[in-house]
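Single-letter residue listing:
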Amino acid sequence: MVLAQLGGSISRALQQMSNATIIDEKVLNECLNEITRALLQSDVQFKLVRDMQTNIKKIVNLDDLAAGHNKRKIIQQAIFNELCKILDPGKPSFTPKKGKTSVVMFVGLQGSGKTTTCTKYAYYHQKKGWRPALVCADTFRAGAFDQLKQNATKAKIPFYGSYTESDPVKIAVEGVERFKKESCDLIIVDTSGRHKQEAALFEEMRQVSEATKPDLVIFVMDSSIGQAAFDQAQAFKQSVSVGAVIVTKMDGHAKGGGALSAVAATKSPVIFIGTGEHMDEFEVFDVKPFVSRLLG
Ligand code: GDP
């Protein structure tokens, strides 16, 4: 279910409940079940939805509903608060500071949009007066360096990589050192992502992280991976200390639910979303407007 449809389904469920002459437990349950179905279809993880339903039942007081208060508003507010709570892990991610060197490492499965997102992130900061640089430590995928090089050249961002060196750790360390010397303040390391969550990928990621000591590890996730989001995010978190999430491909047929799962699994906030293939199709993520949009 795409974002706009989710809002519609929830509104309909609330409307049906409001139309009922008597709001008793049965009517409330029917409404919550409807909302649960809508959230599941939008790829929100089953456990998150179930917990949310339990919490809403605790918060929403049937007597208040029966007394003729605005029922829709009461339940809508409870859902809004619960969704915001899921998306807010309680602590902000490390935020790089302009003029002070930070190393940011990107991880994620192949095809998640990692390389594209590295450039978007660099470009976003460059426009704000930073001095970003890109390091391609993906020696696995043929063409990865060319892709990063092409993106970086287009955005006039310095880059580092190799056609011949096969050790990603060596490239990452060399690149980070070079750009530290050149006083870049945002050194972005793109790592390789394979199709499956193979142990080798995680080991390589761990080694790159250990060697470059990133200030922040960003997990890049494709919003269309559906219910697999939670397990995938958790697997990455268990290997490297993921500190923030970027959800890509939120344009088109994007489902919003994966974002909630990624936050729950990594206990890290979503900081940006990708909304297209172009360099500037990239937005700062803000919990409340996102949830408002989700609820329509
Ligand atoms: P990587 O293998 O994780 O490095 O993925 P890439 O950066 O090569 O991206 C895979 C594909 O997804 C490319 O065709 C990108 O143009 C596309 N892509 C990346 N981010 C977005 C996004 O936010 N929206 C859309 N529509 N496409 C995206």
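The notes below deal with the structure included here. (Residues numbered from 1 in each chain as written. Predicted model: local features only at pLDDT ≥ 70, side-chain atom pairs only at ≥ 80, totals over all residues. Heavy atoms only, no water.)

Quick notes on the sheet that holds strand β4 (residues 186-191)
Then, in step 1: Here we have eight strands laid out as an open sheet, ordered β3-β2-β4-β1-β5-β6-β7-β8, and mixed in their pairing. The two strands at the open ends of the sheet, each matched to only one other strand, are β3 (159-160) and β8 (282-284). (Pairing = 2+ DSSP bridges. Helix = DSSP H or I, 4+ residues; strand = E, 2+ residues; numbered from the N terminus.)

A closer look at the packing of aromatic side chains
Then, in step 1: Throughout the structure, instances matching the rule amount to 10 aromatic pairs.
Then, in step 2: When the centroid spacing of 5.0 Å and the interplanar angle of 75° are considered together, the rings of F202 and F236 count as edge-to-face. Of the two residues, F202 sits in helix α9 (residues 199-212) while F236 sits in helix α10 (residues 229-239), which places them 34 residues apart along the sequence.
Then, in step 3: The class for F236 is buried, based on a relative accessible area of 0%.
Then, in step 4: Between F272 and F282 the ring centres are 4.5 Å apart and the planes differ by 10°, which places this aromatic pair in the stacked class. Here F282 lies in strand β8 and F272 lies in strand β7 (residues 270-274), a separation of 10 residues in the sequence.
Then, in step 5: Of the residues examined, F272 reaches a relative accessible area of 7% and is grouped as buried.
Then, in step 6: Through successive ring pairs, a cluster of aromatic residues spans F106, Y121, Y124, F272 and F282. (Phe/Tyr/Trp six-rings, centres within 6.5 Å; stacked < 30°, edge-to-face > 60°. Buried < 20%, exposed > 50% of the residue type's maximum accessible area, 1.4 Å probe, protein only.)

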